[in-house]
Amino acid sequence: MFCEKAMELVRELHRAPEGQLPAFNEDGLRQVLEEMKALYEQNQSDVNEVKSGGQSDLIPTIKFRHCSLLRNRRCTVAYLYDRLLRIRALRWEYGSVLPNALRFHMSAEEMEWFNHYKKSLATYMRSLGGDGGLDITQDMKPPKSLYIEVRCLKDYGEFEVDDGTSVLLKKNSQDPAGSSDSQEQSYPHKARQEKTASPAPSCV
């Protein structure tokens, strides 16, 4: 039956849980392309017969094959596009280096697409947030609170945070800090901070 192999590609992805990437079905895709080639060649032959001999009874068959070609194309594009969406999501979940098990499920063309995507994303992130760039793949979920409690593990002295206010960092003192202030690049590394509440991203 026409289009059955193409439909099976779509069903295969539908059965796979969201966020998972099944192995690339190269054999199934090849069979679909071979069917499309056969349908096209048969249509070309019948079209020539209609033009030369006026066999109008072939027109319904030609239209049927043409509809089958279009359906095969839609299923194939849907299969490949859905896989690219899943591969794109893997970059945000796993980072720029994928586990070998996932790489094994990707075709060579998909691996090439992933490499281009991660390079484009890295270029975009470097263009954000000044000279240091901004990693937009971190802290994907918003914090429940704008502030967290941090405890100073060593005496440091006075330190100015991003909003211009100053805090006195003394050993065992606890102070509220914004989530951006509690990152390693903001709070001094020598003072060594630890998080005492969990709503916001972890401190150094």
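Residues numbered from 1 in each chain as written. Predicted model: local features only at pLDDT ≥ 70, side-chain atom pairs only at ≥ 80, totals over all residues. Heavy atoms only, no water.

Per an unreviewed UniProt entry, the chain goes by the name DNA replication complex GINS protein PSF1 and belongs to Lynx canadensis. Looking at the Function (unreviewed entry) heading of the UniProt record, one finds this comment for the chain: "Required for correct functioning of the GINS complex, a complex that plays an essential role in the initiation of DNA replication, and progression of DNA replication forks. GINS complex is a core component of CDC45-MCM-GINS (CMG) helicase, the molecular machine that unwinds template DNA during replication, and around which the replisome is built." (UniProt positions renumbered as here; feature names shortened; annotations may be inferred.)

The next subject is the nonpolar core. Within the largest apolar cluster, 10 residues are counted, these being A6, L9, L13, L29, V32, M36, L39, L69, C75 and Y79. Looking at this core, the elements that each hand over two or more residues are helix 1 (4-15), helix 2 (26-53) and helix 3 (59-94). With 4 residues, the single largest contributor to this core is helix 2. Setting aside anything within four residues of it in sequence, one finds C75 in contact with A6, M7 and V10. Formed by 8 residues, the second largest nonpolar core is a distinct cluster that contains I87, L90, L102 and M111. (Core = buried A, V, L, I, M, F, W, Y, C linked by side-chain atoms within 4.5 Å. Buried < 20%, exposed > 50% of the residue type's maximum accessible area, 1.4 Å probe, protein only. Helix = DSSP H or I, 4+ residues; strand = E, 2+ residues; numbered from the N terminus. Contact = heavy atoms within 4.5 Å.)

It is worth spelling out the pairing of strand 3 (residues 166-169) at this point. A regular strand places its side chains on the two faces of the sheet in alternate fashion. Side chains V167 and L169 project from strand 3 onto a buried face, and the interleaved S166 and L168 project onto a face without burial. Direction of pairing for strand 2 (residues 157-160) relative to strand 3: antiparallel, over a ladder of 4 bridges. Bridge pairing in strand 3 links G157 to L169. (Pairing = 2+ DSSP bridges.)

In an α-helix, one turn spans 3.6 residues, which is why side chains three or four residues apart end up on the same side. Taking 1.5 Å of rise per residue, the 28 residues of helix 2 would be expected to cover 40 Å, and the 40 Å separating its terminal C-alpha atoms lies within 8% of that figure. Along helix 2, the residues that are buried comprise G28, L29, V32, E35, M36, L39, N43 and D46. Each element contacted by the buried residues of helix 2 is listed here: helix 1 and helix 3. G54 lies just past helix 2 and shows a positive phi near 70°. (Expected span 1.5 Å × (residues − 1).)

Turning to the packing of helix 1 against helix 2, a few remarks are in order. Helix 2 packs onto helix 1 with a crossing angle of 150° between their chain directions and a minimal axis gap of 8 Å. By the angle between their directions, the pair helix 1 and helix 2 is classed as roughly antiparallel. Helix-helix and strand crossings are classified by hand; for helix 1 and helix 2 the assignment is left-handed. Contact residues: K5, A6 and L9 in helix 1; G28, L29, Q31, V32 and E35 in helix 2. Of the residues that constitute the contact of helix 1 with helix 2, the class distribution is 4 nonpolar, 2 polar and 2 charged. (Axes fitted to C-alpha atoms, helices over the stretch in contact; angles between N-to-C directions. Parallel < 35°, antiparallel > 145°, perpendicular 65-115°, else oblique. Left-handed = near helix turned anticlockwise from the far one by under 90°. Nonpolar A, V, L, I, M, F, W, Y, C, P; charged D, E, K, R; others polar.)

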